[in-house]
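# A closer look at the structure
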Amino acid sequence: MGIGKGRGKSILFGEHFVVYGLPALAAGIDSETVAKVTRKDKPGWSLDDDRPATPGYKEKKLDEQKISINNIIDHVGLDISEQGIHIELGGNLICASGIGASAASCVAIARALNDEFDLGLDDEKINEAAYEGEKGYHGTPSGIDNTASTYGGLVWYERNLDGGSPTFKRIELDDPVSLVIASTGRTASTTEVVGDVRRKREENPEWFDNIADEYKSLVQDGLEALKQHDLKRVGELMSRNHELLQELTVSCKELDNFVDIALSNGALGAKLTGTGRGGNMISLPPDKPAGDKIAAALEGRGAATVLRTTFG
Ligand code: MEV
């Protein structure tokens, strides 16, 4: 049996903007998806998906998941036309939009195949295979999710719009940073939401460019503030990033409500994370007691799940 793991992720700055080549910052979180691969006599692949998930998530993603698994198997060059494989997915990552669940499963499956069939793939190749898998979930992934999932830690990421390799680097922080993450329980379609933003951008490039121009300096400031552990500034920038995402029309009333709850319970900043229009919100507590208070408030006011994580 081959085993592989992939981490969930949280985008601190730059979802959607990253699709158009702007830099973004993402952090791997502590929860992960685990894939187990065994060989079987029948051709093809079969799947037991036992990952914990928000209701409806797995059903909604099923068709995309099939394309994704086929993409990964093709990409690593595995012939399953005679002897097939059985894949089991589990782990403690609660699958929901915005937490990198699709990328985590792609990384986990690529690693489990690598383990079972001695494919000799290093992290770079695993990340490439997971990127092909991510294409199953939406045709034009930026690659930030699979990169954060493969490497963990804090990652500065820039997509190469000419189709070449992306630029990314791991950022080491002197002090770890904590997040409180709340799930709306609503599953969003990344294909749809990314497609909507693309259409709006094509219809009105000036509108998009104005928002993107502000974002460009925001993310640079965000990186500096993180390096200096200036959490107050990081929080302000997160909240402003959320407003820019509202302008892109990718927030929703549940996410806006969670942002308000987090801020009014002491968070230094809060924003949607990932695709938006459902999925997850991240907030930045100044310290552990504030984190407890924010988490309790979100739990009491409609969050499907609340997760605490640290990065850096
Ligand atoms: C999804 O987690 C992040 C998006 O920016 C899409 C992508 O980067 O591929 C919305």
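Every chain is numbered independently, its residues counted from 1 as its sequence is written. In keeping with the predicted nature of the model, local features appear solely for residues at pLDDT of at least 70, side-chain atom pairs appear and are counted solely at 80 or more, and the whole-chain, interface and lining totals rest on all residues. The basis for every side-chain value is the complete set of non-hydrogen atoms in the structure, without hydrogens or water.

### Digging into the domain arrangement of the protein chain
Per the domain assignment, the segments making up the protein chain are domain 1 (2-171) and domain 2 (177-311). Just the C-alpha atoms count here: the centres of domain 1 and domain 2 sit 23 Å apart. Working rule for contacts: check all heavy atoms of both residues, and any pair within 4.5 Å makes them a contact. Each partner contributes residues to the interface: domain 1 has 37 residues there, and domain 2 has 49 residues. Any Lys or Arg side-chain nitrogen located within 4 Å of an Asp or Glu carboxyl oxygen qualifies as a salt bridge. Counting across the interface, domain 1 meets domain 2 through one salt bridge. An automatic or database domain assignment is the source of the domain bounds shown.

### Observations concerning helix α2 (residues 101-117)
For α2, spanning 17 residues, the distance from its first C-alpha to its last is 24 Å, which sits close to the expected 24 Å at 1.5 Å a residue. With a 1.4 Å probe rolled over the protein chains alone, any residue whose accessible area is under 20% of its type maximum counts as buried; one over 50% counts as exposed, and the rest are partly exposed. Starting at the N terminus, helices and strands are each numbered in turn, a helix being any DSSP run of H or I of at least four residues and a strand any DSSP run of E of at least two. Among the 17 residues in α2, 14 count as buried, and that is most of the element. Multiplying one less than the number of residues by 1.5 Å gives the expected span of a helix.

### Things to note about the environment of Ala267
Tracing the backbone shows Ala267 in the loop between α8 (253-264) and β8 (269-273). Residues Ala267 and Gly84, spaced 183 residues apart in sequence, show a C-alpha to C-alpha distance of 50 Å. Ignoring sequence-local partners within four residues, the contact set of Ala267 consists of Ala262, Ser283, Leu284 and Ile294.

### Thoughts on the sheet that holds strand β9 (residues 280-284)
Two strands pair under a simple rule: DSSP has to find at least two bridges between them. Pairing within the open sheet is antiparallel, and its four strands lie in the order β8-β9-β7-β10. Edge positions in the sheet fall to β8 and β10 (305-311), since each of these pairs with one other strand and no more. Averaged over all pairs of adjacent strands, the angle between strand axes in this sheet comes to 25°, irrespective of strand direction. Sitting on the sheet, helix α7 (residues 231-247) is in contact with β7 (177-183), β8 and β9, with an inclination near 40° to β8. Orientation is described by axes fitted as lines to C-alpha atoms, over the contacting stretch for helices, and by angles from 0 to 180 degrees between their N-to-C directions.

### Some thoughts on the site of the ligand
Working definition: residue near molecule or strand if any one of its non-hydrogen atoms lies within 4 Å of it. Close contacts around the ligand come from 14 residues, with Lys9, His16, His138, Ser142 and Asp145 the closest. Polar contact is the term for a pair of N or O atoms within 3.5 Å; when the atoms are in protein, one must be able to donate a hydrogen and the other to accept it, and sequence-neighboring residues count only if both atoms are side-chain atoms. One of the side-chain N or O atoms of Lys9 is found 3.3 Å from an oxygen atom in the ligand. One nitrogen or oxygen atom from the main chain of His16 is found 2.9 Å from an oxygen atom belonging to the ligand. Elements represented by at least two residues in the shell around the ligand include exactly β1 (2-13) and α4 (144-151). Classification used: nonpolar for Ala, Val, Leu, Ile, Met, Phe, Trp, Tyr, Cys and Pro, charged for Asp, Glu, Lys and Arg, polar for all others including Gly. Across the shell around the ligand, the residue classes break down as six nonpolar, five polar and three charged.

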